[in-house]
Amino acid sequence: MAALSVATQLRQLVGMGFARLPRPGAGSTLQRWQALSHVAQHSLSLAKLYEGHCDALAILLELGHDRGETNETWAVWAAEVPGQRVQVLPQGDSGLAKLSGAKAWCSGAQGVSHALLTAWLPGLDQSQLVAVELGHASIRMNTGAWQAVGMADTLSAEVAFDATPATLVGAPGDYLRRPGFWHGGAGIAACWYGGTLAVADSLYRGMRGQSSEHPAFAYRAAAFGKVDRVLAGMAALLRESAAWIDANPHAEAMATALRVRQAAEAAAHCVLEEAGRALGATPYCRDAAFARAAADLPVFIRQSHGYRDDAALASAVLAQENYPWAL
């Protein structure tokens, strides 16, 4: 029997109630991140859609548009390509609007029922969040540009709108201004962590079943020790960051989010390198879960902006009055 598509798996998770996660900053952020991590450890492509759906519900709730208990599946598309903006034209004071233009980097476009996306009102330099039902006849999807090998199963596309009906969500600029923006950004690190565990698991299983007399044991043990301390430190930082967000739900969380994201990216690179060196080619060729995670993870962590995010983290930390590294 063919494996279920990630869109079908997402619908199953939603239908069983597993996508109604605790809202970030409401006291159970760690539980939210644990769910994201568990799904990512199973499948990063599914986690990409699952995290987007859960983030969309949190955004809608934060901005006063709670969808309640429905079987809708949602995506969030906020990436902006230079020179390519979706334009939004409000229809009076009704809260309804029409969308025109194309949106790139739309994860899950072929598999979800609804999307939240950033669009642009005439004459304003702040984006407007809008909600759209993706089954409308005016919508066209171009899958030709999505040539990914890693994260290939995310059903991504460029989506074009032609006077497509939409609903305004919040006011211009609300998407970035709300406290939950950085809470959601930090939650991505939990997905990266789960994907990193999928790679580390092969090394863990191999070490558990290998005699210390095996010729490869010593160097694999060295790799395993490094992986262990990196993952233990990453798990501790995730727990600490979740607790801080819950204790400070309305505070500026940019530094916390960037720190946990950049640490998760570094942990992923370390585990990919150490596991690959220790295990050789075998899991890439004979372990389907390892091979998929090893292909998906480098693509997913490129949602990080690398050095640019490190520089932004530096600015955010230096702007704080308190010394940042006291034990």
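Below: a short report on this structure. Predicted, not measured: the structure shown is a model, and the values here were computed from it.

What the chain contains, in helices and strands, is 10 helices and seven strands. Here the C-alpha radius of gyration of the chain, 21 Å, is about what a compact globule of 327 residues would show, namely 20 Å. Across its three principal directions, the C-alpha atoms of the chain cover 75 × 55 × 40 Å. Looking at the chain as a whole, 48% of its 327 residues are labelled buried. Entry remark: accessible area of the chain is about 16100 Å², with carbon and sulfur atoms responsible for 55%. Considering the chain, the positive charge centre built from 25 side chains and the negative charge centre built from 28 side chains are found 4 Å apart.

Where helix 2 (residues 29-42) contacts helix 3 (residues 44-62), the axes come no closer than 6 Å and their chain directions differ by 155 degrees. By the angle between their directions, the pair helix 2 and helix 3 is classed as roughly antiparallel. When the axes of helix 2 and helix 3 are compared, the crossing they make is right-handed. On the side of helix 2, the interface is formed by R32, A35, L36, V39, A40 and H42, while helix 3 contributes L44, L46, A47, Y50, E51, C54, D55 and A58.

This part takes up the pattern of salt bridges. Under the defined criterion, the tally for this structure stands at nine salt bridges. In this structure, R178 and E62 form a salt bridge, with 3.0 Å as the shortest nitrogen-oxygen distance. Here R178, found in the loop between helix 4 (174-177) and helix 5 (180-208), pairs with E62, found in helix 3; they are 116 residues apart in sequence, far enough to count as distant. For R178, a relative accessible area of 7% gives the class buried. Between R292 and D296 there is a salt bridge, and its shortest N-O distance comes to 3.1 Å. Of this pair, R292 and D296 both sit in helix 9 (residues 288-300), separated by four residues, roughly a single helical turn. Here D296 falls in the buried class, since its relative accessible area comes to 2%.

Within the structure shown, the criterion is met by one cavity of 30 Å³ or more. Lining the largest cavity are P24, R32, W33, L36, E51, D55, A58, H183, G184 and G187. Of all elements in the fold, only helix 2, helix 3 and helix 5 reach the threshold of two or more residues within the lining of the largest cavity. In terms of residue class, the lining of the largest cavity is built from four nonpolar, three polar and three charged.

Turning next to the pairing of strand 4 (residues 114-120). Within strand 4, seven of the seven residues are buried, which leaves the element mostly enclosed by the surrounding structure. A two-sided burial pattern is seen for strand 4, the buried positions comprising H114, L116, T118 and W120 on one face and A115, L117 and A119 on the other. Pairing geometry for strand 4 and strand 5 (residues 127-133), over seven bridges, is antiparallel. Each bridged residue has a counterpart across the sheet, and for T118 the counterpart in strand 5 is L129. If you look at the hairpin formed by strand 4 and strand 5, you'll find six residues sitting between the two strands, and G123 has a positive phi there, around 80 degrees.

The space that makes up the largest pocket amounts to roughly 1400 Å³. Top contributing element to the lining of the largest pocket by residue count: helix 5, with six residues. Residues belonging to the lining of the largest pocket are distributed by class as follows: 25 nonpolar, 15 polar and 10 charged. By volume, the second largest pocket amounts to about 550 Å³.

How each quantity is defined
Residues numbered from 1 in each chain as written. Predicted model: local features only at pLDDT ≥ 70, side-chain atom pairs only at ≥ 80, totals over all residues. Heavy atoms only, no water. Helix = DSSP H or I, 4+ residues; strand = E, 2+ residues; numbered from the N terminus. Rg over C-alpha atoms; globule rule 2.2 N^0.38 Å. Buried < 20%, exposed > 50% of the residue type's maximum accessible area, 1.4 Å probe, protein only. Areas by Shrake-Rupley, 256 points an atom, 1.4 Å probe, with all protein chains shown as cover. Lys, Arg positive; Asp, Glu negative; His and termini not counted. Charge placed at Lys NZ, Arg CZ, Asp CG, Glu CD. Axes fitted to C-alpha atoms, helices over the stretch in contact; angles between N-to-C directions. Parallel < 35°, antiparallel > 145°, perpendicular 65-115°, else oblique. Left-handed = near helix turned anticlockwise from the far one by under 90°. Contact = heavy atoms within 4.5 Å. Salt bridge = Lys/Arg side-chain N within 4 Å of Asp/Glu carboxyl O. 1 Å grid on protein atoms, 1.4 Å probe; cavity = no way out; pocket = protein on both sides within 12 Å on 5 of 7 lines; lining within 4 Å. Points joined across faces, edges and corners; volume = space filled by probe spheres on them. Nonpolar A, V, L, I, M, F, W, Y, C, P; charged D, E, K, R; others polar. Pairing = 2+ DSSP bridges.

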